[in-house]
Structure formats: C-alpha cells, structure tokens
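# Secondary and tertiary structure notes
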Amino acid sequence: MKLKIGENIRSCRRKMNLTQEQLADKLGVSFQSVSRWENDLTYPDMELIPALTGIFGVSADELLGVSEAKKEQAAEELLGELARLSDREDASPKRMIEIIREIRRDYLNAFAIFHLRYSVNINLTRRFPELLPEIRLTMEQALERGDLDTCDRNTIIQLMTIIEDDEHIGKFLDRYASGEDQSKAALLNERYSRRGEWDKFEPIRQEMLLRYIDHIIGWDGQWYNFGRPRDVGVNMLLSELHIDFLHKLCGQTPDEKHPISGNGELDFWVYERVFIGLKAAARTVASGDPEKAFVILEDVVSLLEKAMEITEPVELRCSSPFLADVAFTANEDWNNRSFNYFSEGRQERFLYIYNEVFCYCLCPSNILETMKDEQNWAWFNPVREDCRFKKCLERIEALIVYRDKPKETE
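If you're wondering where the values come from, they're calculated on a predicted model, not measured in any experiment.

## Some thoughts on the overall build of the protein
A count of helices and strands for the protein gives 20 helices and 6 strands. Buried positions account for 46% of the 410 residues belonging to the protein. A sequence separation of at least 24 residues applies to 64% of the contacts in the protein between residues at least 6 apart. Here the protein displays about 22,400 Å² of accessible surface, and carbon together with sulfur accounts for 49% of that area.

Written out as structure tokens, the structure is:
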C-alpha cells in the first residue's frame, strides 16, 4: 500500500502557512529533511508522526494518506492470510504472530476486530499457545478503545473467556465481567462447557441455576408491601406458584400440616420459605379462608423456631437433585447494623445463612414488625384479634434475643 505522506505534509504545511524552515524548527530537524519528505525521497521517523499530527491537527491515517477503504482492504488481506494459515496442519506460528501484531499496530478498528475474532478459536490457541499473548494484547487494546458496540464488545469478552489460559482468566474476568449475561458465572459456564472441562462446569452450572431460581422466587423487597387491594388475586397466585415451584424443585409432596416447609425440616431455602409463607398466609386470609391461613402460619412459625435454635455453624442443603453440590452455612450472628440501628447499646441475635455467592439474614424482630404492620400488611387485619394469630406473634417475639453491645477497644 503506497503512502502519500510527502504530498500530505506539503499540503498540510501550506494550509498552516508554514515554510519548510518553520516546520523544521518546530520539529527540531533540518529544512533539508522536510524537503526530502515532501519529495518522497525519505519518510519521517516514526517518533515524529505524533508531532506532525499535532502541528497539523490531523490523524495519523490522514497524514499517511490511508483511506478507510484501503485500510479495510489491507486488513482483509491480512486476516484472509491468517485464516488460511490457521487451517494448515504445517503452519508456522511465526507468520501468524506477525499478522496479529500488524493488525494490532495498524488496523485496530471495528472491521478488523470483527473478522479477527472469527479466525481465533480454542483449537487454534491449543495448537499454537504462543499466539495467545499476542491475541490477548490485541483484544484488550480493542476493548480499551471504547469504540466497539455492545455486541462486538461482549463477543470479544466471550471469546477471550474461552481461549484464555488458567493463569490469566481470573484477572481478565475481574476486569471485564459485568451484568447478568456477562457475569463471571455466566462467562465461566460458557468457558468450561466449550473447553469440555466438565469437572469445573457442574459447580458453575448449579450456581447459575441457583441465581435464576433466586430471581424467580426472590422477595427483593416486595414481601413487606402488598400494594393495592385489587392485586390480591395476582399476589395470591404468585405465592402459590413460588412455593409450588420450590416443592417441585426439591421433589417434595407436602402434607396438610406442612404446606410451606414440605416436611417440617430445614433446608437452605428457609429464608424464602418463611417470607413466601407469610405472603401466602396473609393472602389466604384476604381470600376468605382464615383456617387454611393458620395452618400456613403454624408451619412458618415452626420453621422459624427450628431455624433460630441454631447456635453453631450448621451446613444446610436441599433435596433437589439439580442442586446436589450446593451448600450454605447457617450460624447465629449479632453484627448486622440494619437490625441494630434502632437498638442503641444492644445487639439483636439473628440467623446468618450464606455461601460464596449468596447471604440471607433471618431476624425475628423484622418478621414480627412485618406481621404487626396494619397498613402494609392489612390482609391480616381480619384475624388480628384471633387468639391463634396473637399466639403466633408471641412465639415469634419469644425468639427475639438482645445482648449489650461489646465495648469498643482502643
């Protein structure tokens, strides 16, 4: 590709009303050098290109006389050669490295990156691991440019997640993983499945499944406010769907006494079961069936009592075959500021349920406050004077334990 740098230097110099001597002074070179450039006898040194573009206010491509069409054509020729080489059994990595470096140096634009990513795959980098550092540098520079659209950016991140080696994958994901579809778990799920690393794939698959389930049945702040009366039917249906989903997921056939827990035993869904159960009970009252609501409340309160018996770390699992490797730890704790905000001088005991990804805090006073809320939980109002409802409140209140805050050490 023939450059027109001499002609362009002359044109830009004249537009700036500069003599060859004046331009030479600005660059710290002789006017003879400028003359030789303009007559295409020599080219300016590479380190002078940024100075020239700064003086003339043009891009390096404009100064060199490289049009976008010519750049794309040159890049396409290089990428075509790379693709042909990658298909050859006797290919030498030396030329492929040269091509990738040239792409990175001269053609790092959306067109080149779009086509380069189709020439790169896990088989190529397994055959020629020496290509990976060059591909890594090229892709990271493309990601840092900021001129890629979201689709191209996500595709590059997914590609690098698949081909990156074990030494660098953690750092790469820390830097570029984001959002739900581009989360570390989602990207690693794709990595392990595409690489056939099934021993690593299964735990990630279960983690992702757990995330999806959490989105389906997660309370995300809605458990304390039912909304408008006309929403009762919808809310009732959601509660039934959520608890039915949990039962089917865990292979449970709940008996009449355990419509929420399924069997009266604790699993790592205890937090969800308690709040789904409270919603189900309240909405059952609102639908005109208080007797069924008290069966639900009995199961919920019993489940809460059993959970609050935990004082030492206990492993909680569930009976779902799809989540066989997932385990949570449940332990008592006292150091949650949100529960102790209004309790100056004292701390409240709660149950902390957690693993590497999720954590939940089961706090009796929070549940008691919720059930006593006559405005947001108005659906309980028809049974508030019922001795059975009052007994449930008393049992929950009995679970609330405070202690003095430890004195701060200097």
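## Topic: the pattern of salt bridges
On inspection of all chains with the given rule, the structure shows 29 salt bridges. Taking the shortest distance from any N to any O, the salt bridge between E81 and R95 comes out at 2.9 Å. Residue E81 is located in helix α6 (residues 68–87), and its partner R95 is located in helix α7 (residues 93–106); the two are separated by 14 residues in the primary sequence. Overall, the relative accessible area of 23% leaves E81 in the partly exposed class. In this structure R95 comes out as partly exposed when scored by relative accessible area, which is 29%. A salt bridge links R175 to E144; the nearest nitrogen and oxygen atoms lie 3.3 Å apart. Remark: E144 occurs in helix α10 (residues 132–145) and R175 occurs in helix α12 (residues 166–176); sequence separation between them is 31 residues. On the basis of relative accessible area, R175 is assigned to the partly exposed category, the value being 48%. Through salt bridges with shared partners, one network takes in D166, R191, R195, E197 and K200.

## Some remarks on unusual backbone geometry
Negative phi is the rule for most residues except glycine; trans is the rule for most peptide bonds. The phi torsion at N17 lies on the positive side, around 55°, for a residue other than glycine. Note on placement: N17 falls in the loop between α1 (5–15) and α2 (20–27). Located in the positive-phi region is D40, a residue other than glycine, with phi close to 60°. Within the secondary structure layout, D40 lies in the loop between α3 (31–38) and α4 (49–56).

## Structural notes on the environment of A286
Relative to the assigned elements, A286 resides in helix α16 (residues 270–286). Exposure remark for A286: the relative accessible area of 34% places this residue in the partly exposed category. Sequence separation between A286 and W379 is 93 residues; the distance between their C-alpha atoms is 5.2 Å.

## What about the packing of α2 against α4?
Geometrically, a packed helix pair is captured by the angle between its two axes and the distance between the axes. The geometry of α2 relative to α4 is characterised by a closest axis approach of 10 Å and an angle of 125° between their N-to-C directions. As summarised for this structure, α2 and α4 are arranged oblique, according to the angle between their axes. When you trace α2 past α4, the crossing you get is right-handed. From α2, L23, K26 and L27 reach across to α4, where they touch A51, L52, I55 and F56. Looking at the contact of α2 with α4 residue by residue, the classes come out as 6 nonpolar, no polar and 1 charged.

## Details of the side chain of S183
Tracing the backbone through its elements, the reader meets S183 in the loop between α12 and α13 (184–195). For S183, a relative accessible area of 13% gives the class buried. When sequence neighbours within four positions are dropped, the list of residues in contact with S183 reads A177 and S178.

Definitions and cut-offs
Residues numbered from 1 in each chain as written. Predicted model: local features only at pLDDT ≥ 70, side-chain atom pairs only at ≥ 80, totals over all residues. Heavy atoms only, no water. Helix = DSSP H or I, 4+ residues; strand = E, 2+ residues; numbered from the N terminus. Buried < 20%, exposed > 50% of the residue type's maximum accessible area, 1.4 Å probe, protein only. Contact = heavy atoms within 4.5 Å. Areas by Shrake-Rupley, 256 points an atom, 1.4 Å probe, with all protein chains shown as cover. Salt bridge = Lys/Arg side-chain N within 4 Å of Asp/Glu carboxyl O. Axes fitted to C-alpha atoms, helices over the stretch in contact; angles between N-to-C directions. Parallel < 35°, antiparallel > 145°, perpendicular 65-115°, else oblique. Left-handed = near helix turned anticlockwise from the far one by under 90°. Nonpolar A, V, L, I, M, F, W, Y, C, P; charged D, E, K, R; others polar.

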